[in-house]
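A look at the structure
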Amino acid sequence: MKILAIIGSPKSNGNTYRTVNQIERELNEKNDEIEFEYIQLSRIRLEPCKGCYVCIERGEEKCPLKDDRDSLEIKMKQADAVIFATPVYTYNVSWIMKNFLDRFAYRCHRPDFHEKKAMIVVSTGAVGLSFVASYLSFMLGTMGFITCAKVGVTFAPPHEKNEKKLKKETNKLIRQTEVFYKKLIDTKPVKPSFLKLLAFKMQQKAFSSAPQDLADFKFWKDKGWLQKKEDYYYKVHVGKVNKIIVSLISKFIA
Ligand SMILES: Cc1cc2nc3c(=O)[nH]c(=O)nc-3n(C[C@H](O)[C@H](O)[C@H](O)COP(=O)(O)O)c2cc1C
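Being a predicted model, the structure only gives us computed values, none of them experimental. (Residues numbered from 1 in each chain as written. Predicted model: local features only at pLDDT ≥ 70, side-chain atom pairs only at ≥ 80, totals over all residues. Heavy atoms only, no water.)

What follows deals with the site of the ligand. Close to the ligand lie 16 residues, the nearest being Thr16, Val88, Tyr89, Ala126 and Val127. In this structure, a nitrogen atom belonging to the ligand sits 2.8 Å away from a main-chain N or O atom of Thr90. Bound to the protein, the ligand loses 69% of the 640 Å² it would expose on its own. Breaking the shell around the ligand down by element, the ones donating at least two residues are helix H1 (15-30) and strand E4 (117-124). In the shell around the ligand, the residues fall into 7 nonpolar, 8 polar and 1 charged. (Near = heavy atom within 4 Å. Polar contact = N/O pair within 3.5 Å; in protein donor to acceptor, adjacent residues only side chain to side chain. Areas by Shrake-Rupley, 256 points an atom, 1.4 Å probe, with all protein chains shown as cover. Helix = DSSP H or I, 4+ residues; strand = E, 2+ residues; numbered from the N terminus. Nonpolar A, V, L, I, M, F, W, Y, C, P; charged D, E, K, R; others polar.)

Here's what the structure looks like:
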């Protein structure tokens, strides 16, 4: 099993990296065949997004920035699961992680990481854990990733450190690593939530009437997702009641 850990901290040996390192050790104790690869976003070539819209309108291959983005996408696809880790900087993800999301924004329109399991890791000094973890999980969800576990770790300044707090943080990390591992070895297809089913139908409607030379239209058509009978990105049982409600709501919103 291959896990790719994407570290979005400018510090290559900072709190965020060390937290993921501890997760690696925990996972290896459960299964020593798990292979880990780290990508430090601060160390690869991922130029700042220029906001030109070329990737979204004409296709990601037309992006004027020539750097490590494509090889990063290949690595994410080849991994069995991806850990996304960021520190909280000014109540948000780090700028490096935000740039990563911007550079892969075309995947929010053309999701291609379906059934790929993810773990979200956030480190902070005091606040922002759940806000940042939810934001990151939501954005990755639009690209197809399934968040199996989220863990936020608080690193108190040295004068506030105490054993009890440290133990609490470590226990949290161990629990969430356990949750992640159980989902990793579970091979049953993950059932999408109602909101995800609705998001699929809404996008299906939007892209069906999009200009035919738009990259999104071509991608959705090639995947066969523009056919009305399709309920989701991959084959999964969608109950009749869910089907009817999703169809009604998407018609109403459209
Ligand atoms: C520029 C900057 C902004 C930060 N903003 C926040 C913040 O909004 N809330 C908070 O609780 N901690 C904040 N912190 C503290 C970091 O979240 C915390 O130290 C984190 O563990 C750092 O991870 P790193 O060592 O991987 O960079 C900030 C730190 C920096 C350098």
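Now for the UniProt feature "transmembrane region" (unreviewed entry) in the protein. In the numbering used here, UniProt assigns the feature "transmembrane region" (unreviewed entry) to residues 119-140. Taken as a whole, residues 119-140 contains 55% helix and 27% strand, while its terminal C-alpha atoms sit 10 Å from one another. (UniProt positions renumbered as here; feature names shortened; annotations may be inferred.)

Here we come to the pattern of salt bridges. Applying the stated criterion to the full structure yields 18 salt bridges. Residue Glu178 pairs with Lys30 through a salt bridge whose shortest N-O separation is 2.6 Å. Within this pair, whereas Glu178 is found in helix H7 (residues 163-185), its partner Lys30 is found in helix H1, the two being separated by 148 residues in sequence. Judged by relative accessible area, which is 29%, Glu178 ranks as partly exposed. For Asp231, the salt bridge goes to Lys243, with nearest N and O atoms at 3.3 Å. Pair noted here: Asp231 is in the loop between helix H9 (215-223) and helix H10 (240-253) and Lys243 is in helix H10, with a separation of 12 residues, a long-range link. Take Lys243: its relative accessible area is 38%, and that puts it in the partly exposed class. Each of Glu60, Glu73, Lys77, Arg107, Arg110, Asp112, Asp216 and Lys223 takes part in a single network of salt bridges with overlapping partners. (Salt bridge = Lys/Arg side-chain N within 4 Å of Asp/Glu carboxyl O. Buried < 20%, exposed > 50% of the residue type's maximum accessible area, 1.4 Å probe, protein only.)

By the assigned domains, the protein splits into domain 1 (2-185) and domain 2 (194-253). Its C-alpha centre places domain 1 at a distance of 28 Å from the equivalent point of domain 2. Regarding the contact of domain 1 and domain 2, the summed buried area is about 990 Å², with carbon and sulfur atoms giving 54% of it. Contact with domain 2 buries area across many residues of domain 1, yet His109, Arg110 and His114 alone supply 42% of it, more than any other trio. Seen at the junction of domain 1 and domain 2, the total is 2 salt bridges. The partner of Asp112 in a salt bridge is Lys223, and the shortest N-O contact between them spans 3.0 Å. Of all the secondary-structure elements, those providing two or more residues to the side of domain 1 that touches domain 2 are helix H2 (54-57) and helix H5 (106-109). For the side of domain 1 that touches domain 2, the class distribution of residues is 5 nonpolar, 4 polar and 6 charged. (Domains from an automatic or database assignment. Buried area = accessible area lost by both parts, 1.4 Å probe.)

Here we come to the sheet that holds strand E5 (residues 146-154). Taken in spatial order, the 5 strands line up as E2-E1-E3-E4-E5 in an open sheet, and their pairing is parallel. Looking at which strands have only one partner, the edges of the open sheet turn out to be strand E2 (35-40) and E5. In this sheet, neighbouring strand axes are inclined to one another by 20° on average, regardless of whether the strands run parallel or antiparallel. As paired elements, strand E1 (residues 2-7) and strand E3 (residues 81-87) share 5 bridges and run parallel to each other. Following the sheet pairing, Ile3 is matched in E3 by Ala81. Packed on one face of the sheet, helix H3 (residues 69-78) meets E1, E2 and E3 and runs near 140° to E1. Against the sheet, helix H4 (residues 95-103) contacts E1 and E3, and its axis sits at roughly 135° relative to E3. (Pairing = 2+ DSSP bridges. Axes fitted to C-alpha atoms, helices over the stretch in contact; angles between N-to-C directions. Contact = heavy atoms within 4.5 Å.)

The final tally for this structure, using the stated rule, is 19 aromatic pairs. When the ring of Trp220 is compared with that of Tyr233, the centres are 5.9 Å apart and the planes differ by 70°; the resulting orientation is edge-to-face. Linking Trp220 in helix H9 with Tyr233 in the loop between H9 and H10, this pair joins segments that are 13 residues apart in sequence. When sorted by exposure, Trp220 lands in the same class as Tyr233, which is buried. Following the ring pairs from residue to residue traces out a cluster consisting of Phe200, Phe207, Phe219, Trp220, Trp225, Tyr232, Tyr233 and Tyr234. The cationic tip of Lys77 hangs over the ring face of Phe113; the distance from NZ or CZ to the ring centre is 5.8 Å. (Phe/Tyr/Trp six-rings, centres within 6.5 Å; stacked < 30°, edge-to-face > 60°. Lys NZ or Arg CZ within 6 Å of the ring centre and 35° of its normal.)

Right, let's get into H4. For H4, the complete set of buried residues consists of Ile96, Met97, Asn99, Phe100, Leu101 and Arg103. Along its buried surface, H4 packs onto E1, H3, E3, H5 and helix H6 (129-142).

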